[in-house]
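Here's the letter readout for the chains.
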Amino acid sequence: MLFLFVLPKLPNKEAHRIIMQHPEDKKVFVKEKFTSISKKYDLINSLVSFKIDAYWRWITTRELKQFPTGAVLDLCAGTLPLSLELTRQAAERRVVAIDFCEDMLRAGVKSLPNDARRHRITPICGDGEELPAKDNQFWGCTVAFGVRNLANTQKGLEEMYRVLKPSGKLLILEFSRPTNPIVKPIYAFYLNKILPLVAGMVSGDKEAYEYLASSIAQFYEPEELLSMMKKAGFAETYSRRLTFGVVTVYVGVK
Ligand SMILES: C[S@@+](CC[C@H](N)C(=O)[O-])C[C@H]1O[C@@H](n2cnc3c(N)ncnc32)[C@H](O)[C@@H]1O
């Protein structure tokens, strides 16, 4: 807790680096930031990603087409965009949408379409590192832009493994860092300078988007995340880079 008092005096990048090394502080910080931007989250996402985010979620969800019925866990579900895509792609599928930020879930529920899909999504406020679910419950587990925000990634992956049924599939969609020498500096400039400015103006919380840039810079390399998935028990793991490696989809089977 001491860190929260020290942080305002530090430049934001350094402050975020320290927060991310201290799980309990990171949890408090992340929850606070998502609460603050919850009402504008969807709008800003479409704005700063030029709506490509919808395509990334569509591609990720397609990986679950062998499980069109039964329950899928959408972890770090936020305002429910991936939960909704999961119900869009399979008319019989049910989704349990878990997030520890109540305001994000509330904003998501408010904007759900007024049709049968809303009844197939059950939002639950809970921590991804201590999932409020029994073992072997779900055919699929999806996490879009959430794993990077977990305070203890390994613990989160172990929980995802625990709640999946044997042969169930984990899909992680997460930001990564482009390696193309032309794209890399342009993307870095956009992420560190333009995005916090635009998103900060719209949301009123520039720090939330500076944290986005720091957390992407400090996140694991795809190979590291794949080995952590294997350590958690997942087999048949692989990753697939999309849009010059701006995001990566990770797949694993229990
Ligand atoms: C960037 S948002 C992603 C929302 C959504 N999945 C999407 O595709 O846009 C990340 C979400 O992860 C949630 N989160 C972070 N750590 C969490 C944890 N330990 N347990 C549950 N949710 C968590 C945040 O509250 C936030 O809503």
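Residues numbered from 1 in each chain as written. Predicted model: local features only at pLDDT ≥ 70, side-chain atom pairs only at ≥ 80, totals over all residues.

Undergrad: Honestly, the site of the ligand in this entry has me stumped. Any pointers?
TA: Around the ligand, 19 residues are found, and the nearest of them are Cys76, Gly78, Cys101, Gly128 and Ala144. Taken together, the elements giving at least two residues each to the shell around the ligand come down to helix 3 (23-37) and helix 6 (81-89). Of the residues assigned to the shell around the ligand, the class counts are 12 nonpolar, four polar and three charged. (Near = placed C-beta within 6 Å. Helix = DSSP H or I, 4+ residues; strand = E, 2+ residues; numbered from the N terminus. Nonpolar A, V, L, I, M, F, W, Y, C, P; charged D, E, K, R; others polar.)

Undergrad: Help me out: how do you make sense of the nonpolar core in this one?
TA: It is characteristic of soluble globular proteins that their nonpolar side chains tend to be buried jointly. Leu73, Leu75, Ala77, Ala97, Cys141, Val163 and Leu173 are the most contacted members of the largest nonpolar core, which totals 63 residues. For this core, the element with the most residues is helix 10 (residues 206-218), which contributes six residues. Apart from the residues lying within four places of it in its own chain, the contact partners of alanine 97 are Asp74, Ala77, Leu80, Ser83, Leu105, Ile121, Thr122, Pro123 and Ile124. (Core = buried A, V, L, I, M, F, W, Y, C linked by C-beta atoms within 7 Å. Buried ≥ 20, exposed ≤ 12 C-beta atoms within 10 Å, placed from the backbone. Contact = placed C-beta atoms within 7 Å.)

Undergrad: Looking at this model, I keep getting lost on helix 3. Mind explaining?
TA: Think of an α-helix as turning once every 3.6 residues; residues three or four places apart then point the same way. For helix 3, built from 15 residues, the straight-helix expectation of 21 Å at 1.5 Å per residue is met to within 8% by its first-to-last C-alpha distance of 21 Å. Residues Lys26, Phe29, Val30, Lys33, Phe34 and Ile37 constitute the buried set of helix 3. For helix 3, the angular spread of buried residues about the axis comes to 125 degrees, placing them on one side. (Expected span 1.5 Å × (residues − 1). Arc of directions from axis to C-beta.)

Undergrad: I would appreciate a short explanation of the sheet that holds strand 5 (residues 164-175) in the present structure.
TA: If you trace the seven strands from one edge of the open sheet to the other, you get 3-2-1-4-5-7-6, paired in mixed fashion. Taken across any chain shown, the strands that pair with only one partner, and hence form the sheet edges, are strand 3 (121-125) and strand 6 (235-242). The mean inter-strand angle of the sheet, taken between neighbouring strand axes irrespective of direction, is 15 degrees. Pairing of strand 4 (residues 138-144) with strand 5, which is carried by six bridges, proceeds in the parallel orientation. In the sheet register, alanine 144 faces strand 5, and the bridge partner there is leucine 173. In the packing of helix 8 (residues 153-163) onto the sheet, contacts are made with strand 1 (69-75), strand 4 and strand 5, and the angle to strand 5 comes to roughly 145 degrees. (Pairing = 2+ DSSP bridges. Axes fitted to C-alpha atoms, helices over the stretch in contact; angles between N-to-C directions.)

Undergrad: Would you mind showing me how to read the packing of helix 4 (residues 41-49) against helix 9 (residues 183-203) here?
TA: Each pair of packed helices can be described by the angle between their axes along with the distance between the axes. The geometry of helix 4 relative to helix 9 is characterised by a closest axis approach of 10 Å and an angle of 155 degrees between their N-to-C directions. Comparing the axis directions of helix 4 and helix 9 gives the class roughly antiparallel. The handedness of the crossing between helix 4 and helix 9 is right-handed. Along the contact surface, helix 4 presents Leu43, Ile44, Leu47 and Val48, while helix 9 presents Leu195, Val198, Ala199, Val202 and Ser203. Classifying every residue of the contact of helix 4 with helix 9 gives eight nonpolar, one polar and no charged. (Parallel < 35°, antiparallel > 145°, perpendicular 65-115°, else oblique. Left-handed = near helix turned anticlockwise from the far one by under 90°.)

Undergrad: Hey, could you run me through the pairing of strand 1 in this one?
TA: On a regular strand, one side chain projects to one face of the sheet and the next to the other, so that they alternate. Pairing geometry for strand 1 and strand 2 (residues 92-99), over seven bridges, is parallel. Bridged to alanine 71 within strand 2 is arginine 94. A crossover connection joins strand 1 to the parallel strand 2 through helix 6; in handedness this β-α-β unit is right-handed. (Right-handed = clockwise from strand over helix to strand, strands pointing away.)

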